[in-house]
Structures are given as structure tokens and as C-alpha cells.
Amino acid sequence: MLGFLERPVVVTADINLNVVALTAVGLLSRLWQLAYPRAVVFDEVYYGQYISFYMKRIFFLDGSGPPFGHMLLALGGYLGGFDGNFLWNRIGAENALITQARLMLLESVLIFFNLLAVLSYLKFANSQKQRPFSLRWWFWLTLTGMACSCAVGVKYVGVFTYLLVLAVAGVHAWHLIGDRTLSHVRVLCHLLARAAALLVVPALMYLLFFYVHLTLVCRSGPHDQIMSSAFQASLEGGLARITQGQPLEVAYGSQVTLKNVFGKPVPCWLHSHQSTYPMIYENGRGSSHQQQVTCYPFKDVNNWWIVKDPGRHPLVVSNPPRPVRHGDIVQLVHGMTTRFLNTHDVAAPLSPHSQEVSCYVDYNISMPSQNLWRLDIVNRESDTEVWKTILSEVRLVHVNTSAVLKLSGAHLPDWGFRQLEVVGEKLSRGYHESMVWNVEEHRYGKSQEQKERELELHSPAQMDVSRNLSFMARFLELQWRMLTVKSDDSEHKYSSSPLDWVTLDTSIAYWLHPRTSAQIHLLGNIVIWASAGLATAVYALLFFWYLLRRRRCIRDLPEGCWLRWVLAGALCAGGWAVNYLPFFLMEKTLFLYHYLPALTFQILLLPVVLQHVADHLCRSPLLRSVFGSLVVAWYSCACHVFNTLRPLTYGDRSLSPGELRALRWKDTWDILIRKY
Amino acid sequence: MLCATSRLLAARTATALPAQPRGRGPGARCRRRELHFPGHPEVPLGEFLAGRLARSSVSASRRAILRRGRMPPAVGGGPAGSELRPRRGRCGPQVTRAVGPDVAAEPAARSPKRPARGSRRFEAAGRWALLALVTLLSFATRFHRLDEPPHICWDETHFGKMGSYYINRTFFFDVHPPLGKMLIGLAGYLSGYDGTFLFQKPGDKYEHHNYMGMRGFCAFLGSLLVPFAYLTVLELSRSLPAALLSAALLTFDTGCLTLSQYILLDPILMFFIMAAMLSMVKYNSCADRPFSAPWWFWLSLTGINLAGALGVKFVGLFIILQVGWNTISDLWHLFGDLSLSVVTVGKHLTARVLCLIVLPLTLYTATYAVHFMVLNKSGPGDGFFSSAFQARLSGNNLHNASIPEHLAYGSVITVKKLRMAIGYLHSHRHLYPEGIGARQQQVTTYLHKDYNNLWIIKKHNTNADPLDPSFPVEFVRHGDIIRLEHKETSRNLHSHYHEAPLTRKHYQVTGYGINGTGDSNDFWRIEVVNRKFGNRIKVLRSRIRLIHLVTGCVLGSSGKVLPKWGWEQLEVTCTPYLKETLNSIWNVEDHINPKLPNISLDVLHPTFPEILLESHMVMIRGNNGLKPKDNEFTSKPWHWPINYQGLRFSGINDTDFRVYLLGNPVVWWLNLLSIVLYVLLGSIIAIAVQRGAHLPAEVEGLSQVLLQGGGQLLLGWMLHYFPFFLMGRILYFHHYFPAMLFSSMLTGILWDTVLQLCAWSLASPFLARGMYAAGLLSLLLGTAYSFYLFHPLAYGMVGPLAQDPRSPMAGLRWLESWDF
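A quick note: this is a predicted structure, and the numbers were derived from the prediction, not measured.

**Student:** Explain the pattern of salt bridges here, please?
**Tutor:** A side chain with one charge may pair with a side chain of the opposite charge, provided their charged atoms come close. A full pass over the atoms with the stated rule returns 25 salt bridges over all chains. Here R418 of chain A ties to D414 of chain A by a salt bridge, and the two come within 2.8 Å at their closest N and O atoms. A relative accessible area of 55% means that D414 of chain A is categorised as exposed. In this structure, the salt-bridge partner of K282 of chain B is E235 of chain B, at a minimum N-O distance of 3.0 Å. You can see K282 of chain B sitting in helix 12 (residues 266-285) and its partner E235 of chain B sitting in helix 9 (residues 212-237), a full 47 residues away along the chain. Classification of K282 of chain B as partly exposed rests on a relative accessible area of 22%. Its relative accessible area of 10% is what places E235 of chain B among the buried residues. A network of salt bridges, in which partner residues are shared, links D376, R380, D383 and R395 of chain A.

What follows is the structure in C-alpha cells.
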């Protein structure tokens with residue numbers, strides 16, 4: 001990776017440190033007292049937790065990114081050493097990057113792969129000029145693809161760098177197509193090779209990450225509830241313990257629990273209990289006063305329902321069992337109260353536009369029971385498909401009113417024990433998961449007598465077979481949940497907005513020594529942030545200036561130099577833009593460390609601009625030497641700031657309140673000062 | 001058809017021309033103007049040829065107008081088309097089509113196709129007649145049964161109501177800019193509607209109220225979409241059949257038809273979008289005559305229409321992006337043209353800045369000026385706006401009011417959240433329920449004026465009545481420690497380390513104490529934002545924060561709605577995060593203190609820019625507030641192009657008069673197919689060109705139309721469609737219609753090109769002509785027939801629903817998700 005330095009574009013005139021020295025400095029600054037502090041720092045809380053999940057092979061779900069990064073950390077932990085030396089930084093004095101790299105967080109891994117992707121693409125582009133299809137060429141090309149998929153695999157934000165690399169590769173490919181010295185076949189080969197390395201390989205690797213992830217975490221854990229019943233059943237322990245050995249096909253007489261597929265606000269099961277709807281609601285509307293039907297987020301004996309054939313009396317499964325199929329008319333009998341699931345033209349308690357769902361109680365007041373439901377298997381393959389445990393997603397359509405059984409998402413008031421409201425949706429405006437249910441627990445009912453049946457309901461279901469989902473199905477479901485899981489947009493003490501990042505108007509306190517005031521902050525080296533920002537602005541200005549002048553056929557730069565200038569800008573300034581601007585559109589809680597990938601690209605741009613100014617804008621030797629000395633002054637200034645802020649980066653020294661106050665250069669920095 | 005084939009033949013005949021020497025020269029301008037018409041199918045070939053032949057002697061300095069396109073081949077012997085390569089397909093395709101090395105053109109075809117002067121006039125008349133026919137058909141379909149149903153349909157309840165507000169001059173709030181509703185109001189006013197109809201809910205009968213003026217106005221604008229599309233496509237492709245096809249697609253689309261027939265913003269919005277597109281394309285055609293009268297006319301018309309589009313809905317921003325992109329690339333080419341001096345380029349730039357930025361902004365601002373001038377009475381929108389804003393509205397209690405200026409101890413005040421649409425600090429005699437923090441009196445914010453919003457400012461350490469005349473007046477100053485006592489219940493504003501009811505990370509705020517005696521948790525430090533300690537606190541103008549003394553948290557409101565027990569008022573919390581956000585800033589609105597002199601509130605009168613800014617802030621907040629609910633079915637952007645599900649405009653049951661907004665599936669699916677086909681064909685051609693493949697002249701011309709004209713339309717479609725994927729607000733099916741207009745125009749161009757390409761590949765001209773005509777006719781007739789099938793969707797259905805075999809629509813429910 002350090003070979004990146006050797007590219008003519010980046011080597012600066014004044015800092016002629018050799019590669020070895022740089023590596024040494026980089027390693028030193030990052031590994032310095034790495035074992036310190038021996039306490040959990042900030043998000044290490046979460047990531048450490050995830051790692052221990054890996055160690056215990058427990059399933060978990062994190063909305064921020066795919067599992068690769070977590071796995072990598074776990075691997076690092078597993079090998080007993082922390083892999084902290086991957087972050088290379090030319091300047092070697094960037095406080096924020098050091099802080100972030102030293103601690104066990106994902107950003108540094110992401111930055112590493114981002115840079116690796118860009119570097120190997122540049123290497124590849126170079127070897128493209130010399131010897132296409134050579135071993136080197138293939139190596140760098142594949143490495144680009146792999147680094148990209150690793151970056152995406154660490155955090156979804158990596159996708160922006162991937163897109164950037166793809167875009168640059170696309171432009172290059174377009175030029176290749178326009179190269180008429182190449183034969184058609186050769187162009188085709190080039191395109192296919194790129195497609196394979198940059199599209200197919202990353203996709204496969206991404207799948208591989210999930211494959212390893214799902215193989216590793218095969219036990220149920222705290223995040224099971226978010227996933228579908230089928231997914232849960234595929235994990236060891238948890239639901240699988242219950243569902244194993246259940247009969248697959250639901251038959252007349254089956255005892256089932258019905259889980260809502262949508263499961264928001266919380267996953268829950270169709271439920272009923274002895275209490276009835278209040279005669280009159282608080283707002284004066286009336287109800288049917290029949291038995292409540294709700295959705296209940298906990299396992300309970302009242303979640304059991306019996307599927308009954310309307311034409312026959314018994315509540316047990318006949319021998320042989322008669323399976324229920326798509327389109328069949330069924331009745332659902334509540335196991336503990338033996339009342340029938342019913343809906344009628346009465347407004348639901350909280351959603352007056354929908355129908356109330358109740359368990360029918362015959363008050364003999366000319367309100368007949370309407371308890372026939374048509375089974376509609378949503379994910380059926382044929383129209384005669386059998387209702388399957390866990391696998392079938394069904395809608396229950398009321399025969400009389402064509403209302404669909406639906407979880408409205410509202411919490412009932414105290415009279416409904418704060419359980420969730422279930423309604424009959426009359427105007428079914430298309431498919432929505434809140435109307436879809438699946439059987440989770442299932443057994444063939446054997447007891448005709450109510451007393452025996454109650455006993456049967458209380459006893460756990462038998463088990464003998466396990467039912468496994470294919471990898472692709474599990475992958476797709478997990479992927480979908482990861483992308484759609486909503487993190488609560490709670491504000492955090494150290495959260496910040498993207499606008500604060502460029503000017504470093506924010507900091508994150510990572511750790512405070514329990515007794516002294518030694519502390520670790522994520523805080524940038526303000527000189528470097530400012531100059532990196534400046535470099536970006538200068539680059540943009542110069543770029544447009546040159547572009548406009550070239551348009552008028554005034555060529556300030558030789559062609560090769562211009563192309564390098566554009567490429568460097570596209571990768572570095574582009575890398576900054578794609579890693580920064582999308583945050584403006586995101587609605588989640590943002591922290592300063594989200595900016596670090598962008599910052600890395602910005603810092604890469606800095607030497608490019610310095611070099612350019614020295615080579616092309618400082619015409620006279622005098623100017624050049626003045627500029628050189630300015631750079632040296634700037635560099636020592638950066639070093640000085642680094643040194644000053646060092647206690648906050650390493651947290652190795654306890655500072656007096658006075659010193660801390662002196663370090664608080666900006667009012668917005670949250671430096672913790674103990675009150676004694 | 002005739003025109004098309006004549007052009008086809010003209011193209012072939014013209015190919016025998018000698019190669020064009022390349023260069024610059026003074027003759028160019030007139031030549032280009034000539035060339036402009038030669039492109040037209042109806043232009044006589046003779047004159048066209050004459051023009052071209054005369055040109056071959058043009059001197060060497062004539063590259064001026066050829067700003068666009070690839071560099072011409074290095075040698076002068078290249079095809080003349082390279083020199084004449086057009087700016088984005090304005091007229092060039094025909095030129096390039098007309099020239100080329102294909103010398104095999106049949107001279108035999110030449111003589112019969114040379115039209116006389118009379119026939120030229122005849123063709124021009126024919127062209128006008130065709131336009132008239134298209135327009136007429138469009139008006140006929142849109143105005144047919146416009147009065148049906150005579151009750152409120154769908155969003156008419158909003159926009160009709162807002163039209164009435166303009167007529168009654170009462171102030172209201174809406175998330176869209178005012179122009180569309182103002183026009184509706186104007187149309188109603190002019191047609192004699194008196195603004196008395198209440199527009200309460202969909203389904204209400206209009207009875208004697210005159211609603212036809214407003215519907216007629218919308219239908220009028222909606223009808224104009226078709227001729228606009230026709231002219232745009234004609235301008236882009238120079239092909240009458242393509243234009244005709246696009247116009248037919250739009251005329252026969254039940255969705256466009258339905259959307260144009262009611263009092264809605266969409267016909268107005270689409271009118272401005274299409275008008276802007278048309279004038280942009282027209283102005284592109286004038287590019288060879290910069291600064292001429294038509295050039296200025298179309299340029300400024302573009303600007304005016306942009307202002308219109310943005311003034312109706314913020315979606316108008318997308319067409320602004322399109323015009324902006326077009327302008328930038330245009331300027332870029334002008335700038336690259338070395339024959340133009342920098343000063344000339346500067347003039348071009350200035351003209352565009354004037355017409356496309358300054359003019360639209362002025363007009364847009366002017367609509368707001370009119371809006372605020374017309375709506376000068378207090379109405380339902382007051383509460384959304386700040387106190388200063390409300391003081392403008394007659395009928396509002398802040399209008400012409402006078403109150404004491406500086407806060408003093410003993411003053412009775414109301415405290416309003418600075419953030420809009422949150423309301424006043426409020427408390428009432430109800431406790432927080434069991435299990436939610438401490439069981440003390442609730443404190444909320446409430447949007448409406450109420451006695452329970454009144455608070456008394458007291459000193460933190462004494463309970464003496466400061467209004468006692470024996471005490472001197474003591475002003476409250478920035479940094480003072482105060483106590484706020486609720487006037488009705490005599491409880492103090494209080495906070496403590498219990499979590500707030502909804503925002504768990506904040507502290508709970510309650511009313512505590514008896515008759516003003518509480519504890520030290522009732523003490524708050526009052527601070528004015530951006531002022532020095534010790535300053536007095538001004539009514540309305542001071543932005544204040546209340547900081548809880550014991551916990552150090554700031555009084556704020558999360559904007560979350562409390563459940564039933566809190567009467568669905570908004571949550572008030574004390575936030576430990578001290579960042580200065582609008583959530584924690586308040587101002588004092590009402591102020592009663594008999595010991596202080598009153599001053600007039602006119603000093604507060606906000607300036608026009610302030611009002612403008614504030615109303616935009618409120619609109620943006622309103623738009624962001626329209627979030628979809630989790631457990632409801634919502635329309636997703638990917639549903640739209642496949643016509644997945646429509647919208648019920650009127651009626652549900654089989655006895656109702658039902659109108660269902662749904663695109664004509666034949667048209668929509670053809671559009672969808674065309675986009676895919678276009679992308680495929682476009683990439684193939686682009687790659688072929690990039691590989692240096694030598695296209696025959698005919699194909700070259702067609703591909704120019706396809707890539708440039710079609711490209712603009714594809715861009716329009718993408719700009720009006722893809723941004724919706726990023727929007728968090730609730731979306732509806734009708735949001736797709738602007739994009740659908742572009743997609744229909746693209747379909748017209750694509751199929752015309754594809755048919756011409758097929759025809760070209762056939763050897764015999766007779767067969768070619770036949771197949772072209774047959775293809776076009778089948779498309780036109782197919783669309784018309786599908787309209788015949790689906791027209792009840794738009795014009796209304798009564799009787800059984802479509803799943804019933806007795807229904808007139810039986811068998812037409814091609815997708816399960818269509819519920820008509």
C-alpha cells in the first residue's frame with residue numbers, strides 16, 4: 001500500500017521521508033500504548049459485544065453494516081492481537097485518525113479498504129498502459145474488486161467508494177471502447193475482464209461474507225425477534241427448539257399460533273382473552289362488547305388457535321389428517337375460551353375506518369356470528385397449495401365482508417392491557433405485510449374435551465425434524481432486514497451534523513479515566529483539517545480555471561500532466577465528495593467519525609495540490625524556495641498541534657483543569673473538566 | 001405519413017451532393033437559416049438543393065455556428081454532414097440524413113417528389129390542420145362530461161377549499177406554493193363562484209354552487225398538454241408521425257385525462273412543466289440567431305414558465321434542473337467556440353442569467369406578494385406562523401394590539417415555541433398517568449389559544465405578589481432566576497430526574513407545588529439568545545431559553561404527540577443536551593401587566609423578505625411532516641411506471657359513481673417497454689459510434705434524433721421520477737404524471753425511429769413505405785382502441801365492480817391490484 005507514495009503525483013518535494021520511515025512513524029503513532037486504556041471505550045461497547053457474539057456464535061443483527069467488519073475484528077481478537085497497523089497516513093500526525101485507528105472501531109478498517117481499492121485501481125491503470133493481461137494486471141484488478149467488496153462488507157458507506165471506483169473504471173472503459181487500434185475481440189476481453197473483476201468478484205465475496213457469517217452465528221440470540229419465523233427456526237435454540245418436529249402441513253383440527261409477518265411496532269401473535277371490549281369507549285363510540293382479539297408480543301397460552309372445518313364438529317385432527325389448502329374456508333377457534341374469531345360491521349376501537357375483530361359471544365341481540373374466513377396463501381406456488389407451518393404467509397379474508405385480518409399497529413388503552421389492536425381492513429389497498437400472518441407453533445390437536453385440550457395447550461410441542469432455509473433465502477431476508485431496520489433517531493450528546501465536520505466544530509469524548517482527568521477524545525488536528533479543506537477548495541478552483549482555459553484552447557499544463565491532475569482529483573476529491581455529501585441525506589444519528597473516510601481522501605489530495613503548486617505555479621526559484629519554507633513551517637505547525645493535542649489522543653496523561661481549558665480551542669469541543 | 005416518406009426520399013436523393021469544404025465565412029448565418037427549413041419534411045427539395053449547392057462556394061471562415069459535436073474530420077473531403085452537425089438535433093438530423101456518401105440514391109425518386117409552390121402551401125396548411133385536429137381532440141376528450149360527478153372528488157376538497165379562501169381572503173396554510181391555488185381561486189372568481197361552498201369532504205354535492213369554472217380552467221390547461229407535447233416532439237425530431245404518436249398517447253391516456261378534469265394542482269403544474277419544455281426546445285432552435293426577437297421571446301418564456309412550475313409545487317424544481325442542465329451545456333459549447341469573443345459569451349451568459357434566474361425569481365416572489373396581499377384576514381392557518389406574522393392579519397388578536405414591551409415580575413404571559421407549529425406552553429388539571437414519570441400535573445404544548453396557556457413570572461425566592469402597588473416595577477433581566485407559576489392551577493413549572501414520557505433521554509417537566517410554594521426544582525434561569533447578561537427581555541422579539549437550575553437542562557419540546565392521556569397535545573421535556581436548537585427556544589407572545597405602559601405592536605411588522613422566508617420554512621416543515629405510517633399501505637415509486645395501482649377519485653361501492661385514476665395500461669406498458677428499448681438501442685448506437693463504426697447516412701441521421709432529442713426526454717423522465725426514491729414524505733400515484741409526459745414523448749420518438757430504421761433496412765421502397773405506415777397505424781389505432789376499452793375509468797362507472805362478470809369493466813381488471 002505504501003507504494004502509493006511512489007506515484008509521481010503524490011511525492012512532495014519537501015518531505016522526502018522514505019517508505020520505511022513513514023511506515024515506522026505510522027506504526028509507532030498508532031501502536032503507542034495501544035493496550036491503554038484497559039477499559040471499554042465508546043462504541044467499543046457495541047462492537048465488543050458483537051465480537052463476543054461471534055465467539056459464542058450467537059445470531060445478532062446490526063443495521064450499520066454487513067458482517068465482514070465485525071468478523072474481521074473478531075478474528076483479530078481471536079488471534080490475540082489487535083490488527084491496528086493497517087492505517088497508513090502520510091502526515092502521520094492526524095490526531096483524529098490515530099484515535100480512531102487505535103480503538104477497536106470499524107472506521108479504520110473501512111478506510112483501509114477504501115484506500116486499498118483506490119490504490120490497487122491506480123496500480124491497475126498503470127499496468128494497463130504497459131502490459132494488459134499480465135499477471136500484475138490481473139492481480140491489481142482483482143485486488144480492486146476484492147478491496148471494494150471488503151469496504152462494502154465493513155460498512156455500507158463503503159458502497160460510495162465502490163461506486164466511485166466503478167465510475168472511474170467506466171470512464172476508462174469508455175475510452176478503451178473508443179480506442180480504434182484495438183480489435184473488437186480484444187476490447188470485448190477487456191470489458192469482460194473488468195466486469196468479472198469489478199462486478200462479479202465483489203458480489204461473490206459479499207455473498208461469501210454472509211455465508212461465513214450465517215455459518216458462524218448459528219445460535220439464537222437477542223435479535224431473533226426481528227427476523228421471520230422461518231429464519232428463527234433455522235437457528236439453533238430459540239424458536240427452533242419449539243418448532244422442530246412440528247407437523248409441516250396445517251390440517252383441520254390443528255392447534256396453531258399465528259404471528260404477524262410485518263411485526264411492527266413489535267413482533268406479536270394473534271391473541272384473545274376473557275376480557276371484552278368496553279361497552280362505550282372514552283370518546284363515546286360504542287362497541288360490540290364481545291371478547292377482545294389483540295396481538296400480543298409474548299408467548300402465551302392464549303395465543304393458541306384451532307383451525308376448524310366449518311362443516312364438521314370435532315376439534316381434533318382426523319386420521320389421516322385433512323390438510324387445509326389455499327382458498328379453503330375455515331373457522332378459527334380460540335383454544336382457551338373456545339370462541340370463534342369473528343368480525344362485523346362495527347368500528348374498531350382505535351381505527352374507526354376498519355372493522356372490529358372479536359371472539360364471538362352470543363348475546364342474542366340479533367347480531368349473528370360472522371366467523372368464516374377464507375385462507376389466502378400469499379406466497380403460494382400453485383392454487384391448491386397446502387397451508388404450511390412457518391413457510392406459508394397467509395391472509396385471512398372474511399367471507400361476509402371481505403375484510404382482511406390486520407395488525408393496525410396501535411396500542412390499546414388500559415382496558416386492552418396495552419396490547420396491539422387487530423382490525424378487519426375493509427378497503428384492502430393492495431398487499432401490505434401487516435395483513436399477512438404465518439403459523440409459528442403447530443401441533444395436531446388430539447383432545448376433544450375442553451379440559452384435556454387446555455392441558456394439551458399448556459404442554460410444549462413435540463420435536464423431531466428440523467427444517468432449514470436455503471442460504472440464499474436466509475441471505476436475502478437478512479439483507480432486507482438490515483437495510484430496512486430503523487434505528488431510533490435519538491439524539492446523542494456527541495452527535496453532530498455534517499456541516500460541523502469540515503470546520504471541526506465537534507468532538508467526541510471516548511473515554512475518561514475513572515479517577516484522574518486523563519481522557520481520550522476524537523479530535524482532529526485542526527491545522528491539517530483546515531489545510532485539507534483549503535486544498536480541496538484550491539483544487540476545485542484550479543481545476544475549473546484550467547478547464548475553462550482549455551476550453552478556449554489555452555493549455556497551461558502539458559497533456560499528460562493534466563490527465564494526472566484530473567485523475568488525482570477524480571479519486572481524491574471525488575473520494576472525499578462521495579464519502580461526505582451523502583451524509584446530508586441521511587436521517588440517522590451522525591458522529592464525527594463518519595467523516596474520517598472522507599477526510600482521508602481529502603488529506604491525500606493535499607500533497608497533490610502542494611506538488612502542483614510547487615511545480616507549476618511557482619515559476620521563479622525564489623518563489624519556489626519561499627513556498628518550500630512555507631510548507632516546512634506549515635508542517636512543523638501541524639506537528640506542534642499534534643503534540644499539544646496528544647494527551648487527548650492517547651489519554652496517557654492527566655491534565656489539570658487549567659490545561660484542559662487551554663486546550664478547549666473551540667467552545668463546541670466537549671472536553672470534560674472534572675469539578676473538584 | 002406522406003410527409004415522412006417524402007422526407008425519406010428526399011434524404012436519399014440528396015446524398016449525391018459534392019463534399020462540403022469546411023471553413024468559416026460570412027455566409028454562414030443565412031445558410032443556417034435556410035438549412036433550418038430544409039430539415040422540414042415539407043420543404044421542397046429543389047430549394048433545398050439550391051441552397052446546398054450555392055453553399056459549396058462559401059469561404060473558409062464558417063465554423064462559427066458549428067459549436068457542437070465532435071471535431072469534423074481533418075480533411076475537407078468528409079461528409080458535409082460533419083460540418084453541419086447540429087446542436088442537439090435541432091435541425092441537423094435531417095441535414096445529416098440528407099447527405100452522405102450513399103450515392104446509390106435513386107434519381108428516379110427525385111422528380112415526382114419535387115413539390116410545386118402550391119403544394120408547399122398546401123402542406124403548411126395541412127400541418128396547421130393536424131395541429132388543430134390534435135388540439136381539438138384533446139379539448140374534446142378533456143371537456144367531455146366535465147361536470148360529472150357533481151360532487152367533490154378526492155383532493156378537490158383541499159384545493160377547491162383553498163380557492164375559496166382566496167375569494168374570501170382568509171389566511172390558510174398549505175405545503176405547496178401559492179400560485180396554483182391562486183389561479184384556481186381566480187378562475188372561480190371570474191366564473192362567478194362566490195366562495196361560499198365549504199368543500200368539507202369528498203362526496204359532498206356541489207348543488208347550486210358554480211364549480212364548472214374551476215374545473216374548466218384546470219381542464220383547459222390539461223388539454224393544452226397534448227398540443228405542447230406534439231410541438232415539442234415535432235421540434236425535437238422534425239417528424240410529424242413521431243409527434244402524432246406522442247400526442248395520441250397522451251390524448252388517449254385515461255390517467256392524464258382524469259387528472260386534468262378536476263380542481264387539482266396537477267394540471268396546472270404539468271401545464272407549466274410542458275410549457276417550459278416546449279419553450280426551451282423552441283429557444284434551442286433559435287440558437288443560430290442569438291439575440292433575435294424570437295430568441296428573446298422563447299428564452300424569457302422559458303423563464304416565466306419555470307417560475308410558474310415552481311410556484312405551483314416544489315416538484316417544479318426538476319424542470320428547472322433540466323433547463324439548467326441544458327443551459328450549462330449550451331454555454332459550455334458557446335464558450336468552446338473560439339470564433340466567439342469572450343465578450344459575446346459574456347453577453348450570452350448575462351442574457352440567460354436575466355431570463356432564467358432573475359426573471360423567474362422575481363415572478364416567483366411576486367406570486368407570494370400577491371398571496372400575502374390577498375390573504376389579509378385571520379383564518380385557519382394562523383397558528384402555524386410566528387407571533388409577528390400573525391400581527392399582520394386582521395381579525396387576529398395580535399392585529400393592531402398593544403402590550404407592554406419589557407417583561408417584569410408579576411407579568412402574565414404566554415410562552416410560544418419559536419419553531420413553527422408547536423404552540424404554547426400549556427398545563428392543565430390532569431396528572432401524568434401511573435408509571436410515566438412522577439405522578440404530577442402535566443405540562444404540554446398546545447396549538448390553540450387557551451386560558452391554560454397563561455403563566456405568571458415570579459421571583460424564585462419570594463411568594464409576594466409583585467403586582468402589589470407598593471412594590472416598584474422590577475424588570476426581568478437576562479440571567480435572572482425565575483419561577484413560572486401556572487395561572488389557572490397555581491402550580492410551578494418543575495423538572496426533575498425522571499425520564500420524559502416519550503423522549504426517554506430527556507427529563508420530565510411537570511407542574512408542582514401548591515399555591516406557588518414548591519421546591520428548588522421550580523427554579524429556572526431565563527436567558528436571551530445572543531444578548532448580554534443584564535439586558536431586559538422584550539415581548540415577542542427576544543428569543544429566550546429556560547434553563548433548569550438544578551439539573552442544568554433546557555426546557556424544550558420534542559414535537560411528539562402524547563397519547564390519549566395527554567389529550568394528544570405535544571410533549572414538553574427538559575433536554576440535557578445544551579445545543580442551541582429551535583427546539584429549546586421560546587418567545588413571549590401575550591403579556592399582561594397593568595403597571596406597565598402599552599406600546600403598539602406595529603414595530604414588529606415583519607418585512608416582506610422575513611415573511612417570505614418564514615412561509616418557506618413552514619412549508620418545508622409541513623412537507624417533512626407528511627410521513628407515511630408504518631402499518632398502512634403506501635404507494636411506492638416502483639409501482640408507478642408499471643401502473644400497479646390507481647387512486648380512487650370518487651366512489652367505492654357498486655352503487656356509487658366511480659372514477660378511478662389509472663393510466664391506460666396499453667399506453668403505460670408501451671412507455672415502459674420503450675424506455676428499456678431506448679436505453680438498449682441508444683447504448684448500441686453510442687458504442688458503435690465510439691468504436692468508429694461507419695453508419696450509413698440515413699442511420700446516422702436517425703441516431704442523432706434518437707440520441708439528442710430522445711436524450712433530452714429521457715433526462716426529463718429521469719429527473720421527474722428518480723428523486724422520488726429519495727423522498728421520505730408520503731407519496732401518491734399522481735406524482736408520476738409529469739414523468740409520464742416525458743416518457744410518452746420519448747415513446748413517440750423511439751417508435752418513429754425504430755420504424756424508420758426497419759423501413760430503411762428493407763430493400764424495396766414500396767415495402768418500406770408500407771411497413772412504416774402499417775406500424776404507425778397499428779400503434780395509433782391500438783392506443784385509440786385501448787382508450788375505448790378503458791374510458792369508463794375516467795368518465796365514470798356505475799354498476800357492479802369489475803370482478804363481477806356483469807360489470808361493463810369485466811375482464812379489464814388485468815392486475816389484481818386495480819380496484820375499480
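**Student:** Which parts of the structure should I look at to understand the nonpolar core?
**Tutor:** Nonpolar side chains in soluble globular proteins tend to be buried together. All names here are of chain B. With 128 residues, the main nonpolar core has I319 and F649 as its most contacted residues. Here this core takes 14 residues from helix 12, the largest share from any one element. In contact with I319, not counting residues within four places along its chain, are I273, A276, M277, L306, A309, H720 and F742.

**Student:** Which parts of the structure should I look at to understand the state of the cysteines?
**Tutor:** Two cysteines form a disulfide when their sulfur atoms are joined by a covalent bond. Considering all chains together, one arrives at two disulfides over all chains under this definition. Between C148 of chain A, a cysteine without a disulfide, and C150 of chain A, which holds the nearest cysteine sulfur, the sulfur-to-sulfur distance is 9.1 Å. Cysteine C355 of chain B is unpaired, with the sulfur of C286 of chain B as its nearest cysteine sulfur at 13 Å. Accessibility expressed as a relative area gives 6% for C355 of chain B, which makes it buried.

**Student:** Where do I start with the side chain of H426 of chain B in this structure?
**Tutor:** Residues and elements named next belong to chain B. Note that H426 resides in strand 3 (residues 424-431). On the basis of relative accessibility, which here comes to 2%, the residue H426 falls in the buried class. If we skip the residues at most four places from it in the chain, H426 touches Q442, V443, T444, T445, Y446, D450, N452, N453, W455 and Q569.

**Student:** Looking at this structure, I do not really get helix 16 (residues 596-617) of chain A. What am I missing?
**Tutor:** Count 3.6 residues to each turn of an α-helix, and residues three or four apart come out pointing the same way. In a regular helix each residue adds 1.5 Å, so 22 residues correspond to 32 Å; helix 16 of chain A covers 30 Å between its end C-alpha atoms and thus fits that length. The element helix 16 of chain A is largely enclosed, with a buried count of 19 among its 22 residues.

**Student:** Looking at this structure, I do not really get a nonpolar patch on the surface. What am I missing?
**Tutor:** Residues W638, I642, V666, W669, M718, F722, F725 and W814 of chain B make up a contiguous nonpolar surface patch of roughly 710 Å² in combined accessible area. Tracing the backbone shows F725 of chain B in helix 20 (residues 723-726).

**Student:** Which parts of the structure should I look at to understand the pairing of strand 12 (residues 570-575) of chain B?
**Tutor:** In the case of a regular strand, side chains alternate between the two sheet surfaces. All names here are of chain B. Strand 12 sits mainly inside the fold: six of its six residues count as buried. Pairing analysis gives five bridges linking strand 11 (residues 554-561) to strand 12, with the strands arranged antiparallel. Residue pairing in the sheet places G556 in a bridge with T573 of strand 12.

**Student:** Quick question: what am I supposed to make of unusual backbone geometry here?
**Tutor:** Excluding glycine, residues mostly carry a negative phi; peptide bonds, for their part, are mostly trans. Look at the link from E148 of chain B to P149 of chain B: it is a cis peptide, with omega at -15°. As for its placement among the helices and strands, P149 of chain B is situated in the loop between helix 6 (117-143) and helix 7 (156-168). Its identity is not glycine, yet F417 of chain A carries a phi of approximately 60°, on the positive side. Here F417 of chain A lies in the loop between strand 10 (404-411) and strand 11 (420-425). Even without being a glycine, F199 of chain B presents a positive backbone phi close to 50°. By the secondary structure assignment, F199 of chain B is in the loop between helix 8 (179-190) and helix 9.

About the criteria used
- Residues numbered from 1 in each chain as written.
- Chains lettered and ligands numbered in written order.
- Predicted model: local features only at pLDDT ≥ 70, side-chain atom pairs only at ≥ 80, totals over all residues.
- Heavy atoms only, no water.
- Salt bridge = Lys/Arg side-chain N within 4 Å of Asp/Glu carboxyl O.
- Buried < 20%, exposed > 50% of the residue type's maximum accessible area, 1.4 Å probe, protein only.
- Helix = DSSP H or I, 4+ residues; strand = E, 2+ residues; numbered from the N terminus.
- Core = buried A, V, L, I, M, F, W, Y, C linked by side-chain atoms within 4.5 Å.
- Contact = heavy atoms within 4.5 Å.
- Disulfide = S-S within 2.5 Å.
- Expected span 1.5 Å × (residues − 1).
- Patch = residues over 30% accessible without salt bridge, like charges linked within 9 Å, V, L, I, M, F, W, Y side chains within 5 Å.
- Areas by Shrake-Rupley, 256 points an atom, 1.4 Å probe, with all protein chains shown as cover.
- Pairing = 2+ DSSP bridges.

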